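Notes for the structure review
One letter stands for each residue in the lines below.
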Amino acid sequence: MGTRQDGYSWLPGKPWSSLGANVQTSGPVGQWVGESSFLSVLGHHDASQHLKGTPARTGPPTKAEADCGRGMWCFSGKMNRLCNSMEPRVMDDDMLKLAVGDQGPREEAGQLAKQEGILFKDVLSLQLDFQNILRIDNLWQFENLRKLQLDNNLIERIEGLENLTHLVWLDLSFNNIEAIEGLDALVNLEDLSLFNNRITKIDSLDSLVKLQVLSLGNNQIGNMMNIIYLRRFKDLRTLSLSGNPIAEAEDYKMFICAYLPDLVYLDFRRIDDHMKELAEMKHQYSIDELKHRENLIQARLEDEQARREELEEHKAAFVEHLNGSFLFDSMYAEDVEGSKLTCLPGVSELLEAYKDKFVIICLNIFEYGLKQQEKRKVELDTFNECIHEAIQENQEQGKHKIAKFEEKHLLSLSAIRDESELTKLEKKIVEYSGDITELFNVLMTLEMQLVEQLEETINMFERNIIDLVGLFIENVQSLMAQCRDLENHHHEKLLEISINTLEKIAKGEFDEDLPDDVRSLFVDKDTIVNAVGASHDIHLLKIDNREDELVTRINSWCTHLVDKIHKDEIMRNRKRVKEINQYIDHMQNELDNLECSDLID
């Protein structure tokens, strides 16, 4: 491999025909590649190469180029690339199976795996470059994939990567991608190459919190403000942007070094400390302002996150929004008639006293709920600890029995192999078969003892948790009844004030001005009584709904928890019985095979 003065590197490789292209060449073949192609073929972004970020050149190699060795010739234009004589292709099962098979191990184990079929979920690395792929699709089964190579295709959109949550390395260079998208699920991605596409803006990378290497050279990014977006990636150390309009700016390197101070390589050249110092001095004022804004934003985000976490804790206790006036305010949010009546003399004071008492009861429910949640948590933790200890102790007993059996097992097999007399051989085989049966009985007895022990523990926990939930519901309902009593008392007082106001208006003794919509309620007694009653009904409905919601949710939680515990125990028991049977079957098969062999001999 050779390197030219303009930064291109000659990569020896396969001739055209070996890659499926119908092109003949008589001289040496190969490709002049810039940063992304070179790094893609190497299989890793090697920043130490200090490659100049320039696009791959087309045309035949010169004699000096040819002297670098035989290789494959590559066109790297947007639509004029290696497989341009082929039709666009889709990523179907046939393509994926072929790629997985071709890239698998070559030794005997690999050939056996190909015969039996390789499961896509077991594939860690997948190379699909130079395939004329138009659309990313059918990768949902590659759930454990770590490395995906899709460079030099015809891909126009980033999509179909939702299930590749373990992906660490992704190469989409030399495609026709216009926007960064579809990467939200790739939370473990460290290395991303989008070199030589049509991207105009750096965005939609927020979930890539582990990003270390980003190659965006040879795109159409023209706004320097895109660099500021990259400040959120604290692990970013290598960045390539050469070949973009912003790289032509006079302040390009200084700006990037100032705003991305942790960057180590820019366009695959190491950033020296002197450059960083100059950049920091030049942009210090702007950087300080930006840091101040970032700190404010970060503080706000942390506050929001803390509030979300706190709300989740309250929801887990089934008392969210009961630590204030939320329930009381919601009673009046849809109460049109009640809102109108607040302007009556004496109602404001009555309402304020009502609200204070109502909120106190809500706070009592809230604090009681948190305490009960802690008790339920302690009960659950204690139960899980008991279950774990019981299973652990039972497993240790089982391991001890198996260890003793296997010590005798080796001696028994050796004795059977060495025995030449048929009568004694048959006796030893019968004895060893009896040992296997005895081990099976011992292990199954241990499992049955464990089942009984766990069943007793589960039943005790079920009683305890149901009692805790029942007590919580009973006390909450008592407190909610107090809320209803307050509402009934308020309703009576409000109705009394409203009737007195109606009588004063009828006698002409009411001197205060009332809004027209309020005065329209005082045409007769039925109208004002109905208005006050409607307000009262709305308030009671809100209280009843909140109580019903709390009771329903905690009962549902309790039921699902207990059901899950019972199901988990059933699954554990089945798994254990299956393990015991498989082990015993293996021991018996080993004896049967030995018996047949000795009898034949």
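Attention here is on the structure that accompanies the text. (Residues numbered from 1 in each chain as written. Predicted model: local features only at pLDDT ≥ 70, side-chain atom pairs only at ≥ 80, totals over all residues. Heavy atoms only, no water.)

With respect to a negative patch on the surface
On the surface, Asp 272, Asp 273, Glu 277, Glu 280, Asp 288 and Glu 289 cluster together to form a negatively charged patch. Mapped onto the negative patch, the elements with two or more residues apiece are helix H7 (273-282) and helix H8 (284-316). With three residues, H7 is the largest single contributor of residues to the negative patch. Note on placement: Glu 280 falls in helix H7. Taking the relative accessible area as the measure of exposure, Glu 280 reaches 55% and is therefore exposed. (Patch = residues over 30% accessible without salt bridge, like charges linked within 9 Å, V, L, I, M, F, W, Y side chains within 5 Å. Areas by Shrake-Rupley, 256 points an atom, 1.4 Å probe, with all protein chains shown as cover. Salt bridge = Lys/Arg side-chain N within 4 Å of Asp/Glu carboxyl O. Lys, Arg positive; Asp, Glu negative; His and termini not counted. Charge placed at Lys NZ, Arg CZ, Asp CG, Glu CD. Helix = DSSP H or I, 4+ residues; strand = E, 2+ residues; numbered from the N terminus. Buried < 20%, exposed > 50% of the residue type's maximum accessible area, 1.4 Å probe, protein only.)

Considering the packing of helix H6 (residues 252-259) against H7
Where H6 meets H7, the axes come as close as 8 Å, and the angle between the chain directions of the two elements is 85 degrees. Classified by the interaxial angle, the pair formed by H6 and H7 is roughly perpendicular. From H6, Met 254, Cys 257 and Ala 258 reach across to H7, where they touch Met 275, Leu 278, Ala 279 and Glu 280. Looking at the contact of H6 with H7 residue by residue, the class counts come to six nonpolar, no polar and one charged. (Axes fitted to C-alpha atoms, helices over the stretch in contact; angles between N-to-C directions. Parallel < 35°, antiparallel > 145°, perpendicular 65-115°, else oblique. Contact = heavy atoms within 4.5 Å. Nonpolar A, V, L, I, M, F, W, Y, C, P; charged D, E, K, R; others polar.)

Brief notes about the packing of aromatic side chains
In this structure the tally under the stated criterion is eleven aromatic pairs. Look at Tyr 368 and Phe 472: their rings are 5.7 Å apart centre to centre, the planes differ by 25 degrees, and that puts the pair in the stacked class. Of this pair, Tyr 368 sits in helix H11 (residues 347-418) while Phe 472 is found in helix H12 (residues 422-507), placing the two residues 104 residues apart along the sequence. For Tyr 368, a relative accessible area of 18% corresponds to the buried category. Aromatic side chains Phe 383 and Phe 461 sit 4.4 Å apart centroid to centroid with 25 degrees between the ring planes, which places their arrangement in the stacked category. Residue Phe 383 is found in helix H11, and its partner Phe 461 is found in helix H12; the two are separated by 78 residues along the sequence. The exposure classification of Phe 383 matches that of Phe 461, with both residues buried. Of the aromatic side chains, those joined through ring pairs into one cluster are Phe 328, Tyr 332, Tyr 354 and Phe 358. (Phe/Tyr/Trp six-rings, centres within 6.5 Å; stacked < 30°, edge-to-face > 60°.)

Quick notes on the sheet that holds strand S9 (residues 191-193)
Pairing is mixed in the open sheet, where eight strands are placed in the order S5-S7-S8-S9-S10-S11-S12-S13. Two strands bound the open sheet, and with one partner strand each, they are strand S5 (125-127) and strand S13 (269-270). Strand direction decides the pairing type here: strand S8 (residues 169-171) and S9, joined by three bridges, are parallel. By the bridge assignment for S9, Leu 170 is matched with Leu 192. (Pairing = 2+ DSSP bridges.)

Things to note about the pattern of salt bridges
Enumeration according to the criterion identifies 20 salt bridges in this entry. Salt-bridge contacts for Glu 579 lead to Arg 576; the nearest nitrogen and oxygen are separated by 3.5 Å. A residue pair is termed a helical-turn pair when its members lie 3 or 4 positions apart in one helix, as Glu 579 and Arg 576 do in helix H14 (residues 525-600) at three residues. Residue classification places Glu 579 among the partly exposed positions, given a relative accessible area of 36%. When salt bridges that share partners are traced, they join Glu 320, Arg 546, Glu 549 and Arg 553 into one network.

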